[in-house]
Amino acid sequence: MNKIHLKWVIPMLLISVAASGCGKTSGGPKEADASQVNEQPVSLVLLNDSGTEQEYVDQVVAEVKKKHPSIELKIYKSEKGSTLDELILAGETPDLILSFNGKLASYRDKDLLYDMTPLIGSRHVDLGRFEPGYIDDVKIASTKNELFGLPVSLAYHALYYNKSLFDKFGVPYPKDGMTWEQTLELARKLTRNESGTQYRGFDIGNMVWASQPLGIAAIDYSTDKATMRTDEWKRVFELMKAFYTIPGNTMTGKAKDDFLKEKTLAMYADLSIASDLEVASKSGLDWDVVQYPSYPEKPNVYGNASVSVIMITKASKHKERAMQVVEAAISDEVQLENSKSGRVSPLQKAEIKQAFGMNKEVFRGKSVQSIFKSKPVKYPIASQYRGKAELIVRTKFSEYVTGAIDVNTALAQADEEINKAVAAEAGK
């Protein structure tokens with residue numbers, strides 16, 4: 001057996017308990033169903049294959065230990081020495097995997113996808129507890145309406161801003177509900193050179209994110225053909241160019257550092273960056289957050305939500321026990337702690353939403369409830385070449401912004417280069 005790095009293994013007490021002694025997890029099985037599960041000691045392997053924060057994993061482990069102490073969880077983080085392939089080769093194929101919805105389809109080739117629908121039904125797990133749409137977002141890997149996992153958290157989009165720069169230049173702070181055009185007007189007011197220091201008004205980091213609320217993609221998942229020659233893509237290119245051609249607001253390629261470290265960027269559109277904000281706050285960044293900008297015809301819509309999921313693998317020999325771990329991961333108790341720690345829960349419960357960030361000093365006094373005012377679009381089924389295609393889009397956008405090519409040429413060349421890249425990759 002190949003050696004596996006065990007520093008991520010978390011042993012738990014192996015104590016057999018009667019089912020009647022197990023407390024009922026909110027949203028979990030009824031007492032009668034719990035009593036039918038054999039509570040004999042069992043060892044389960046869980047792989048964190050998505051970069052889910054260890055804090056959340058610890059919360060799940062604690063809940064499992066409290067409700068099902070007969071379950072020993074071996075936790076691995078996907079890294080050299082304990083990747084999914086290495087675990088499989090070592091005979092440690094995971095019973096459970098923490099991943100995200102966009103990655104689920106990749107497990108099909110390894111024959112790990114397992115339709116959890118029958119277990120969800122027999123355990124009376126209430127899917128109505130989840131926000132509408134997140135269950136569908138998990139089903140993007142399905143071909144027959146299977147449910148290969150359940151949501152545990154999601155990444156949000158938000159507009160962060162440096163209060164000190166707004167105060168310095170006497171500009172009113174951003175507000176919830178702003179459109180892209182209103183954000184553009186603010187960016188113009190905040191972009192200026194003071195005493196040799198260039199301050200920039202806005203940066204989105206990844207311009208492709210501005211396309212997501214419109215429901216467009218760079219490549220069609222069903223044909224693997226580029227889809228760049230459209231009015232929607234032209235609109236995105238022209239909108240984003242308007243930001244980056246404000247005199248002094250040129251792209252630097254390091255938007256996050258400009259905002260967090262250099263503190264020369266007034267507004268920054270990004271995903272969940274709590275840990276980065278913690279560090280930046282300690283070095284003097286006075287920040288706050290508002291709702292992500294939106295298109296007038298699509299108010300309160302920000303783009304794709306990367307939904308973290310927990311799944312039971314087809315290879316697991318202890319699926320009912322693994323389901324007990326899933327129930328712990330989605331329980332009100334764990335999700336409340338998840339929210340307090342600054343991660344967005346997929347559950348609808350108002351109490352859980354209102355608790356967002358309560359345990360994080362960095363969020364105190366911040367307008368964190370603003371992030372809940374926007375919703376994601378339905379997560380798109382993506383081509384396997386999506387990453388390559390979007391890299392080409394960003395390259396062509398850069399050429400367009402610098403004036404090397406016009407917008408129609410940029411879109412046409414992006415279309416052609418995506419198709420060539422796909423053909424080359426498919427021909428290998």
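As shown above, the structure is provided for reference.
Residues numbered from 1 in each chain as written. Predicted model: local features only at pLDDT ≥ 70, side-chain atom pairs only at ≥ 80, totals over all residues. Heavy atoms only, no water.

1. Let's talk about the overall build of the protein
Scanning the protein for helices and strands turns up 15 helices and 10 strands. C-alpha atoms of the protein, sized along the principal axes, occupy 70 × 55 × 40 Å. Looking at the 428 residues of the protein, the share that counts as buried comes to 54%. Considering only contacts in the protein between residues 6 or more positions apart, those separated by 24 or more positions represent 76%. In the form shown here, the protein has an accessible surface area of approximately 18700 Å², with 50% of it arising from carbon and sulfur atoms. With 55 positive and 56 negative side-chain charges, the protein shows a spacing of 1 Å between the two charge centroids. (Helix = DSSP H or I, 4+ residues; strand = E, 2+ residues; numbered from the N terminus. Buried < 20%, exposed > 50% of the residue type's maximum accessible area, 1.4 Å probe, protein only. Contact = heavy atoms within 4.5 Å. Areas by Shrake-Rupley, 256 points an atom, 1.4 Å probe, with all protein chains shown as cover. Lys, Arg positive; Asp, Glu negative; His and termini not counted. Charge placed at Lys NZ, Arg CZ, Asp CG, Glu CD.)

2. A word on the packing of aromatic side chains
Counted by the stated rule, this structure contains 20 aromatic pairs. Both rings, one in F169 and one in Y199, keep their centres 5.5 Å apart while their planes meet at 75°; by these two values the pair is edge-to-face. One end of the pair, F169, is in helix α6 (residues 163-169); the other, Y199, is in strand β7 (residues 197-203), and 30 residues separate them in sequence. Looking at Y199, the relative accessible area reads 12%, which means it is buried. (Phe/Tyr/Trp six-rings, centres within 6.5 Å; stacked < 30°, edge-to-face > 60°.)

3. A closer look at helix α8 (residues 231-244)
Here α8 is 14 residues long and its end C-alpha atoms lie 20 Å apart, about the 20 Å a rise of 1.5 Å per residue gives. Those residues of α8 not exposed but buried are W233, V236, F237, L239, M240, F243 and Y244. Axial view of α8: buried residues confined to an arc of 165°, hence all on one face. (Expected span 1.5 Å × (residues − 1). Arc of directions from axis to C-beta.)

4. Quick word on the sheet that holds strand β5 (residues 158-162)
Strand order in this open sheet of 5 strands is β6-β7-β8-β5-β9, and the pairing throughout is mixed. Each edge of the open sheet is held by one strand with a lone partner, namely β6 (192-194) and β9 (287-290). Each neighbouring strand pair of the sheet contributes to a mean axis angle of 25°, computed without reference to strand direction. Strand direction decides the pairing type here: β7 and strand β8 (residues 265-270), joined by 3 bridges, are parallel. Residue pairing in the sheet places R200 in a bridge with L265 of β8. Strands in contact with helix α7 (residues 180-190) are β5, β6, β7 and β8; relative to β7, the strand with the most contacts, it is inclined by about 175°. (Pairing = 2+ DSSP bridges. Axes fitted to C-alpha atoms, helices over the stretch in contact; angles between N-to-C directions.)

5. A few points about the side chain of D270
Mapping D270 onto the fold places it in strand β8. A polar atom in the side chain of D270 sits 2.5 Å from the side chain of Y268. With sequence-adjacent residues up to four places away left out, D270 is seen in contact with Y156, H157, A158, Y160, W209, K256 and Y292. (Polar contact = N/O pair within 3.5 Å; in protein donor to acceptor, adjacent residues only side chain to side chain.)

6. Section: the pattern of salt bridges
By the definition in use, this model includes 34 salt bridges. Across the salt bridge formed by K314 and D111, the nearest N and O atoms sit 3.1 Å from each other. On the criterion of sequence distance, the pair formed by K314 in the loop between β10 (307-312) and α11 (319-329) and D111 in the loop between β3 (96-100) and α4 (117-122) is long-range, its members being 203 residues apart. Taking the relative accessible area as the measure of exposure, K314 reaches 43% and is therefore partly exposed. When its relative accessible area of 47% is taken as the criterion, D111 is described as partly exposed. Its salt-bridge partner being R364, residue E361 comes within 2.5 Å of it at the nearest N-O pair. Overall, E361 belongs to the exposed group, its relative accessible area being 55%. Owing to a relative accessible area of 48%, R364 belongs among the partly exposed residues under this scheme. Sharing partners across several salt bridges, the network here consists of E53, E55, R343 and K360. (Salt bridge = Lys/Arg side-chain N within 4 Å of Asp/Glu carboxyl O.)

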